[in-house]
Amino acid sequence: MPELPEVETVRRGLLPAMEGEVIEQAEVRRDGLRWKFPENMAARLTGARVNALRRRSKYILADLDTDETLIIHLGMSGRMQVSGVKIGDFFHDHQEQQKHDHVVLHMSGGGRVTFNDARRFGAMDLAATDSVQKHKMLAGLGPEPLGNDFHEDLLKEKFSGRKTPVKSALLDQKIVAGLGNIYVCEVLNRVGIVPTRPVGKIDAAEISTLVPAIREVLSEAIEAGGSSLKDYRQADGELGYFQHSFKVYGREGEACQTSGCGGEISRITQSGRSTFFCAQCQR
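Residues numbered from 1 in each chain as written. Predicted model: local features only at pLDDT ≥ 70, side-chain atom pairs only at ≥ 80, totals over all residues. Heavy atoms only, no water.

Some points on the packing of aromatic side chains
Ring pairs (aromatic) are described by centroid distance and by the angle formed between their planes. Applying the stated criterion across every chain, the model contains two aromatic pairs. Chaining the aromatic ring pairs together yields one cluster made of F246, Y249 and F276. For K136, the ring lying beneath its charged end belongs to W35, and the centroid distance is 5.2 Å. (Phe/Tyr/Trp six-rings, centres within 6.5 Å; stacked < 30°, edge-to-face > 60°. Lys NZ or Arg CZ within 6 Å of the ring centre and 35° of its normal.)

Next up, the structure:
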């Protein structure tokens, strides 16, 4: 499932086609994906101008001049495909309708935004902009890891006295929003903390390294266009490239890349998810 860097990359790719433009026609080709679409979604979107396109955790939010916000979640295989406008160095002509093109937005600037989702685990909904943070998909989310509300003191408070494994804690969207399995594995390797360590056993000095490492890994992944493992593509159809920079994720049995370590990458299962780490340099 796309994590914060992938969703942020998609948001940036959608900007030239959507922000400041009017949705001249919205086509909704089924009654829903993971959940049913909101009532009269096509009519509520048609004619609306996109005032701003932002991200909250793993969700893209399109604020409309109708005082509603379109909430978009890519799910496991969802793609937002842009055609008819230039994105960076790429321009794609409009293509014929594909089987899994479920929602199509025809924009006033000549662009077309298509939500394609083969496995139908994605979602779209509409909510009042002034209360969108209370929506069931957004309520209770923790601070953004790249924002000012995420800092050492917050982690100290959330970690204090708890026995939760650090990987599980960082995946808890109520503690910090947007982190996923891939990037937590990479962060913990970068700071030398074993994923199974209880958060209450992580001292202040180690916490002080966690926050900047999280920001660094996410920022590097965004600059690389995210990570493409299975279905993920950027809005221009290109792959992300951060998977070529993985130090531990998906590298079970390979030599640890940490200088002077000499260890080997191991894989265990935590809460049904694969965890990759080096038992020699992560303590």
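From this point, the discussion proceeds with the structure in view.
What to know about the pattern of salt bridges
Tallied over the full model, the rule gives 14 salt bridges. In this structure, E8 and R12 form a salt bridge, with 2.8 Å as the shortest nitrogen-oxygen distance. With E8 and R12 both in helix 1 (residues 4-18) and four residues apart, this pair spans about one turn of that helix. The class for E8 is buried, based on a relative accessible area of 7%. The exposure class assigned to R12 is partly exposed, which follows from its relative accessible area of 41%. With a shortest N-O distance of 4.0 Å, E223 and R12 are connected by a salt bridge. Remark: R12 occurs in helix 1 and E223 occurs in helix 6 (residues 204-223); sequence separation between them is 211 residues. A relative accessible area of 66% means that E223 is categorised as exposed. (Salt bridge = Lys/Arg side-chain N within 4 Å of Asp/Glu carboxyl O. Helix = DSSP H or I, 4+ residues; strand = E, 2+ residues; numbered from the N terminus. Buried < 20%, exposed > 50% of the residue type's maximum accessible area, 1.4 Å probe, protein only.)

Details of the confidence of the model for the protein
Should the pLDDT be low somewhere, the predicted coordinates at that spot are not to be read in detail. With 90% of its residues at a pLDDT of 70 or more, the protein has an overall mean of 90. Confidence over residues 228-234 falls short of pLDDT 50; this stretch has 28 contacts with residues more than four positions distant or in other chains. (pLDDT = per-residue confidence, 0-100. Contact = heavy atoms within 4.5 Å.)

Some details on the pairing of strand 2 (residues 50-56)
Summarising the sheet, strand 2 and strand 3 (residues 59-64) pair through six bridges and their orientation is antiparallel. Residue L53 lies in a different strand from strand 3, and its bridge partner there is A62. Counted between consecutive antiparallel strands, the loop separating strand 2 from strand 3 contains two residues, among which S57 sits at a positive phi close to 55°. (Pairing = 2+ DSSP bridges.)

Some points on the nonpolar core
Nonpolar side chains in soluble globular proteins tend to end up buried together. L155, F159, V166, L170 and L210 are the most contacted members of the largest nonpolar core, which has 37 residues in total. Looking at which element gives the most residues to this core, the answer is helix 6, with nine residues. V7, A26, V50 and V85 belong to the second largest nonpolar core, which has 30 residues in total. (Core = buried A, V, L, I, M, F, W, Y, C linked by side-chain atoms within 4.5 Å.)

A short note on the sheet that holds strand 9 (residues 112-117)
Pairing in this open sheet of four strands is antiparallel, and the strands run 1-8-9-5 from one edge to the other. Only two strands of the sheet have a single partner each, and these edge strands are strand 1 (23-28) and strand 5 (78-83). Within this sheet the neighbouring strands show an average axis-to-axis angle of 15°, counted without direction. As judged from the five bridges shared by strand 1 and strand 8 (residues 101-107), these two strands associate in the antiparallel manner. Paired with Q25 across the two strands is H106, which belongs to strand 8. (Axes fitted to C-alpha atoms, helices over the stretch in contact; angles between N-to-C directions.)

Here's the deal with helix 5 (residues 181-191)
Of all eleven residues making up helix 5, nine are buried, and the element is well covered by its neighbours. Of all the positions in helix 5, only N181, I182, Y183, V184, C185, E186, V187, L188 and N189 are classed as buried. In this fold, the buried residues of helix 5 make contact with helix 1, helix 4 (166-171), helix 6 and strand 12 (273-278). Residue G192 follows helix 5 closely and has a positive phi angle near 75°.

Concerning the packing of helix 5 against helix 6
Axes are the key here: two packed helices are described by the angle between their axes and the distance separating the axes. At a closest axis distance of 9 Å, the pairing of helix 5 and helix 6 adopts a crossing angle of 130°. What the angle tells us is that helix 5 and helix 6 run oblique. Where helix 5 crosses over helix 6, the two elements pack in a sense that is right-handed. The residues of helix 6 that touch helix 5, namely those facing Y183, E186, V187, L188, R190 and V191, are T209, L210, A213, I214, E216, V217, L218, E220 and A221. In terms of residue class, the contact of helix 5 with helix 6 is made up of ten nonpolar, one polar and four charged. (Parallel < 35°, antiparallel > 145°, perpendicular 65-115°, else oblique. Left-handed = near helix turned anticlockwise from the far one by under 90°. Nonpolar A, V, L, I, M, F, W, Y, C, P; charged D, E, K, R; others polar.)

Regarding the environment of Q280
Note that Q280 resides in the segment after strand 12. Looking at Q280, the relative accessible area reads 42%, which means it is partly exposed. Separated by 86 residues in sequence, Q280 and V194 have C-alpha atoms that sit 9.3 Å apart.

Quick notes on the sheet that holds strand 10 (residues 123-128)
Taken together, the four strands give an open sheet; going across it, the order is 2-3-4-10, and neighbouring strands pair in antiparallel fashion. Taken across any chain shown, the strands that pair with only one partner, and hence form the sheet edges, are strand 2 and strand 10. Each neighbouring strand pair of the sheet contributes to a mean axis angle of 20°, computed without reference to strand direction. Docked against the sheet, helix 1 engages strand 2 and strand 3, running at close to 170° with respect to strand 2.

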